[in-house]
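So you can see what is in the structure, the chains are spelled out below.
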Amino acid sequence: AFEEGLDILSKQGVRGFWYGNVPNIVRIFPYASIQFGVFDLVREHVHAEQHSKLERRVFHFMSGSLAGMTATGVTYPLEFLRTRIALSKDSKHLNLWASIYNIYKVEGLRGFYAGFSSSLLGIIPYTGTGFFIFHSLKDELRVIYPHLNKSKAFDFIFGSFSGLVAQIASYPFDVIRKRMQAQKFYLNKGELDKSRGLIQMTIYIVQSEGFFRGLFKGLTMNFFKGPIAVGTSFTVKNIVNSLLERKEAH
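Let me sum up the structure you'll find in this document. (Residues numbered from 1 in each chain as written. Predicted model: local features only at pLDDT ≥ 70, side-chain atom pairs only at ≥ 80, totals over all residues. Heavy atoms only, no water.)

## Comments concerning the overall build of the protein
- Regarding its fold elements, the protein presents 10 helices and 0 strands.
- Reading the helices (α) and strands (β) of the protein from amino to carboxyl end gives α-α-α-α-α-α-α-α-α-α.
- Expressed as a percentage of the 250 residues in the protein, the buried residues total 40%.
- Residue pairs in contact within the protein that sit at least 24 positions apart in sequence constitute 75% of those at least 6 positions apart.
- Per element, the accessible surface of the protein, about 14700 Å² overall, is 66% carbon and sulfur. (Helix = DSSP H or I, 4+ residues; strand = E, 2+ residues; numbered from the N terminus. Buried < 20%, exposed > 50% of the residue type's maximum accessible area, 1.4 Å probe, protein only. Contact = heavy atoms within 4.5 Å. Areas by Shrake-Rupley, 256 points an atom, 1.4 Å probe, with all protein chains shown as cover.)

Shown next, in the form of structure tokens:
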């Protein structure tokens with residue numbers, strides 16, 4: 001990872017670390033709002049707090065998975081664009097609108113959903129595990145230390161831990177998704193022999209790179225990124241909820 005970072009820095013400069021970040025910023029607003037919105041909507045509808053502990057655990061996983069799948073379905077083209085722009089060193093592809101035009105021209109509308117099946121499969125353990133662990137830990141804290149339950153520090157700690165576990169559980173799907181998103185790019189450059197579907201791509205990665213080295217490549221970098229991102233998301237979401245509740249109370 002350190003060598004890769006130096007290579008990016010030498011070839012593309014500091015800006016290279018932020019290639020593809022514009023569509024990611026555009027994507028994260030609707031993604032987070034849809035994800036948390038769907039989860040809270042389902043929770044209110046089924047009155048989760050009135051059920052047993054086991055039923056609440058199952059609910060948190062299933063509703064978290066549903067929320068993630070819904071958000072992914074709506075925002076996936078922007079996720080795809082982020083990957084493509086990050087891969088490209090050609091200036092005509094680094095602009096968001098130029099990238100949209102070129103991908104549509106060459107690959108059509110279906111091009112924006114390359115790797116979607118892998119992403120949808122991966123989001124089930126990712127958001128399902130994330131919501132399951134976060135709310136399970138919050139439930140236990142509420143019983144053992146009720147006076148600490150509203151502490152935003154615990155929101156960040158529990159969110160970070162849930163993000164770490166969720167990242168490990170779903171990481172192979174993330175690797176496969178990115179490979180499928182990128183394969184048209186590498187096919188056009190002559191660096192890939194043919195286009196592959198989900199199962200074919202999985203077999204190809206395992207055969208050419210090995211199971212752990214192929215499907216868990218780059219995981220160590222995500223030990224930093226994933227937990228911080230998820231912990232921050234849960235913390236900010238709960239802060240906003242608290243502010244809205246206070247406003248409604250007044």
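So much for the structure itself; the text now carries on.
## Topic: helix H8 (residues 198-209)
- Taking 1.5 Å as the rise per residue, H8 with 12 residues should run 16 Å; its terminal C-alpha atoms sit 16 Å apart, in good agreement.
- Directly beyond the C-terminal end of H8, a positive phi value near 95° is found at glycine 210. (Expected span 1.5 Å × (residues − 1).)

## Observations regarding helix H10 (residues 219-249)
- Across its 31 residues, H10 extends 44 Å between first and last C-alpha, which sits within 8% of the 45 Å expected from 1.5 Å per residue.
- Of the positions making up H10, those classed as buried are Leu219, Asn222, Gly226, Pro227, Val230, Gly231, Phe234, Thr235, Lys237 and Asn238.

## Structural notes on the pattern of salt bridges
- Enumeration according to the criterion identifies 13 salt bridges in this entry.
- We note a salt bridge from aspartate 139 to arginine 142, for which the minimum N-O separation is 2.8 Å. Residue aspartate 139 and its partner arginine 142 are both found in helix H6 (residues 116-144); the two are separated by 3 residues, about one turn of the helix.
- Measuring nitrogen to oxygen at the nearest pair gives 2.2 Å for the salt bridge that ties aspartate 174 to arginine 177. A residue pair is termed a helical-turn pair when its members lie 3 or 4 positions apart in one helix, as aspartate 174 and arginine 177 do in helix H7 (residues 152-188) at 3 residues. (Salt bridge = Lys/Arg side-chain N within 4 Å of Asp/Glu carboxyl O.)

## Examining the packing of aromatic side chains
- If you walk through the whole model with that rule in mind, you get 15 aromatic pairs.
- Grouped by ring-pair contacts, the aromatic residues Phe36, Phe39, Phe59, Phe131, Phe134 and Phe234 constitute a single cluster.
- One Lys or Arg, arginine 27, reaches over the ring of tyrosine 31 and ends 5.2 Å from the middle of that ring.
- In this structure, arginine 196 packs its charged tip against the face of tyrosine 204, placed 3.8 Å from the ring centre. (Phe/Tyr/Trp six-rings, centres within 6.5 Å; stacked < 30°, edge-to-face > 60°. Lys NZ or Arg CZ within 6 Å of the ring centre and 35° of its normal.)

## Description of the packing of helix H3 (residues 53-87) against H6
- At their nearest, the axes of H3 and H6 sit 7 Å apart, and the two run at 140° to each other. Between H3 and H6, the angle falls in the class oblique. Crossing geometry of H3 relative to H6 is assigned as right-handed.
- Taken together, the residues of the contact of H3 with H6 sort by class into 9 nonpolar, 12 polar and 5 charged. (Axes fitted to C-alpha atoms, helices over the stretch in contact; angles between N-to-C directions. Parallel < 35°, antiparallel > 145°, perpendicular 65-115°, else oblique. Left-handed = near helix turned anticlockwise from the far one by under 90°. Nonpolar A, V, L, I, M, F, W, Y, C, P; charged D, E, K, R; others polar.)

## Examining a nonpolar patch on the surface
- On the surface, Leu54, Val58, Phe61, Met62 and Phe132 cluster together into a nonpolar patch covering about 470 Å² of accessible area.
- When residues in the nonpolar patch are grouped by element, the largest group, 4 residues, is from H3.
- With respect to the secondary-structure elements, methionine 62 resides in helix H3.
- For methionine 62, a relative accessible area of 54% translates into the label exposed. (Patch = residues over 30% accessible without salt bridge, like charges linked within 9 Å, V, L, I, M, F, W, Y side chains within 5 Å.)

## Brief notes about the packing of H6 against H7
- Look at H6 against H7: their axes get within 8 Å of each other, and the N-to-C directions meet at 170°. Comparing the axis directions of H6 and H7 gives the class roughly antiparallel.

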